[in-house]
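A closer look at the structure
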Amino acid sequence: MKILIIHGPNLNLLGLREPEIYGAMNLDEVNSEICKKAETANLKSTCRQSNHEGEIIDWLQSAAGENFSGIIINPAAYTHTSIAIRDTIAAIKPPVIEVHLSNISNREEFRHKSLTAAVCSGSICGFGVNSYLIALEALRLLLAP
Ligand code: DQA
């Protein structure tokens, strides 16, 4: 089964960007952890990152046509602002799990609200890179209970 992982804006700066919040691993290292975990679960992972809302929307819309069975997304700051990404998640067939490295509920108030979580199958936040690994396991259970 193919799984699409989408990293939103500024996640290309992982490792450099506020490491006390987001951890010391860079995006390639995070993707390699995701890929390893996916292999052990018999899933094939494809990781993409974009700083552009429209590109993220295009990837979500084309996921079913590209034969992805499920999607893990960290919409990053778009979590708190993007009605467009929310509408796309609501419109598409494959299940979507939202993840965050940090615990958005114990940070600044503007991060407490996720516009996207309610249209996802579930959300996982606060566990650093493990948020993605837990989401992979959740998706595996969801797709093949
Ligand atoms: C984030 C949390 C968001 O509030 C922030 O804008 C990010 C990263 C996280 O993974 O913790 O860019 O999604």
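Read on for a plain summary of the structure. Nothing here was measured: the structure is a model prediction, and the numbers come from that model.

**Looking at the sheet that holds strand β1 (residues 2-7)**
The strands that make up a sheet are held in pairs by hydrogen bonds between backbone atoms, and each pair lies either parallel or antiparallel. Here 5 strands make up an open sheet; going across it, the order is β2-β1-β3-β4-β5 and the pairing parallel. Unpaired on one side and paired on the other, β2 (44-49) and β5 (122-125) mark the two borders of the sheet. Neighbouring strand axes in the sheet, compared pairwise and without regard to direction, differ in orientation by 20 degrees on average. Of the pairings in the sheet, the one linking β1 to strand β3 (residues 68-74) comprises 6 bridges and is parallel in character. Within the sheet, the bridge partner assigned to I3 lies in β3 and is G70. Here helix α5 (residues 130-143) sits on the sheet in contact with β1, β3, β4 (96-100) and β5, set at roughly 150 degrees to β3.

**Observations regarding the site of the ligand**
Lining the immediate environment of the ligand, one finds R17, Y22, N74, A76, A77, H80, H100, L101, S102, I104, R107 and R111. Taking H100, its side chain carries an N or O atom lying 2.8 Å from an oxygen atom of the ligand. Between the ligand and the protein, one listed contact pairs an oxygen atom with a side-chain N or O atom of R111 at 2.9 Å. Here the ligand is seated within the largest pocket. Its residues assigned to classes, the shell around the ligand comprises 5 nonpolar, 4 polar and 3 charged.

**Notes on the packing of helix α2 (residues 27-40) against α5**
Relative to each other, α2 and α5 sit at 25 degrees, their axes nearing to 10 Å. By the angle between their directions, the pair α2 and α5 is classed as roughly parallel. The two elements α2 and α5 meet at a crossing, and its hand is right-handed. Here α2 contributes V30, E33, I34, K37 and A38 to the contact with α5, which in turn contributes Y132, L133, L136 and E137. Here the contact of α2 with α5 is built from residues that sort into 6 nonpolar, no polar and 3 charged.

**What about the environment of S102?**
Following the sequence through the fold, S102 ends up in the loop between β4 and β5. Sequence-distant contacts of S102, defined by excluding residues within four places in its chain, comprise I21, Y22, R107, C125 and G126. Reaching out from S102, the side chain makes a polar contact with the side chain of R107 at a distance of 3.0 Å.

**Topic: the packing of aromatic side chains**
In the structure shown here, the tally under the stated rule is 0 aromatic pairs. Looking at K2, its charged tip hangs above the ring of F68, at a distance of 4.4 Å from the centre.

**Some remarks on the state of the cysteines**
Scanning the entire structure with this criterion turns up 0 disulfides. C120 takes part in no disulfide bond, and the closest cysteine sulfur to it belongs to C125, at a distance of 12 Å. C120 sits in the buried class, given a relative accessible area of 11%. The partly exposed category is assigned to C125, whose relative accessible area is 25%.

**Describing the pattern of salt bridges**
Applying the stated criterion across every chain yields a total of 5 salt bridges. Here R48 and E66 are joined by a salt bridge, their closest N and O atoms 2.8 Å apart. Residue R48 is located in strand β2, and its partner E66 is located in the loop between α3 (53-62) and β3; the two are separated by 18 residues in the primary sequence. You can call R48 buried: its relative accessible area is 19%. On the basis of relative accessible area, E66 is assigned to the partly exposed category, the value being 26%. Salt bridges sharing partners connect three or more residues here, namely R107, E108 and R111.

Rules and cut-offs
- Residues numbered from 1 in each chain as written.
- Predicted model: local features only at pLDDT ≥ 70, side-chain atom pairs only at ≥ 80, totals over all residues.
- Heavy atoms only, no water.
- Pairing = 2+ DSSP bridges.
- Helix = DSSP H or I, 4+ residues; strand = E, 2+ residues; numbered from the N terminus.
- Axes fitted to C-alpha atoms, helices over the stretch in contact; angles between N-to-C directions.
- Contact = heavy atoms within 4.5 Å.
- Near = heavy atom within 4 Å.
- Polar contact = N/O pair within 3.5 Å; in protein donor to acceptor, adjacent residues only side chain to side chain.
- 1 Å grid on protein atoms, 1.4 Å probe; cavity = no way out; pocket = protein on both sides within 12 Å on 5 of 7 lines; lining within 4 Å.
- Sits in = over half its atoms within 2 Å of the grid points.
- Nonpolar A, V, L, I, M, F, W, Y, C, P; charged D, E, K, R; others polar.
- Parallel < 35°, antiparallel > 145°, perpendicular 65-115°, else oblique.
- Left-handed = near helix turned anticlockwise from the far one by under 90°.
- Phe/Tyr/Trp six-rings, centres within 6.5 Å; stacked < 30°, edge-to-face > 60°.
- Lys NZ or Arg CZ within 6 Å of the ring centre and 35° of its normal.
- Disulfide = S-S within 2.5 Å.
- Buried < 20%, exposed > 50% of the residue type's maximum accessible area, 1.4 Å probe, protein only.
- Salt bridge = Lys/Arg side-chain N within 4 Å of Asp/Glu carboxyl O.

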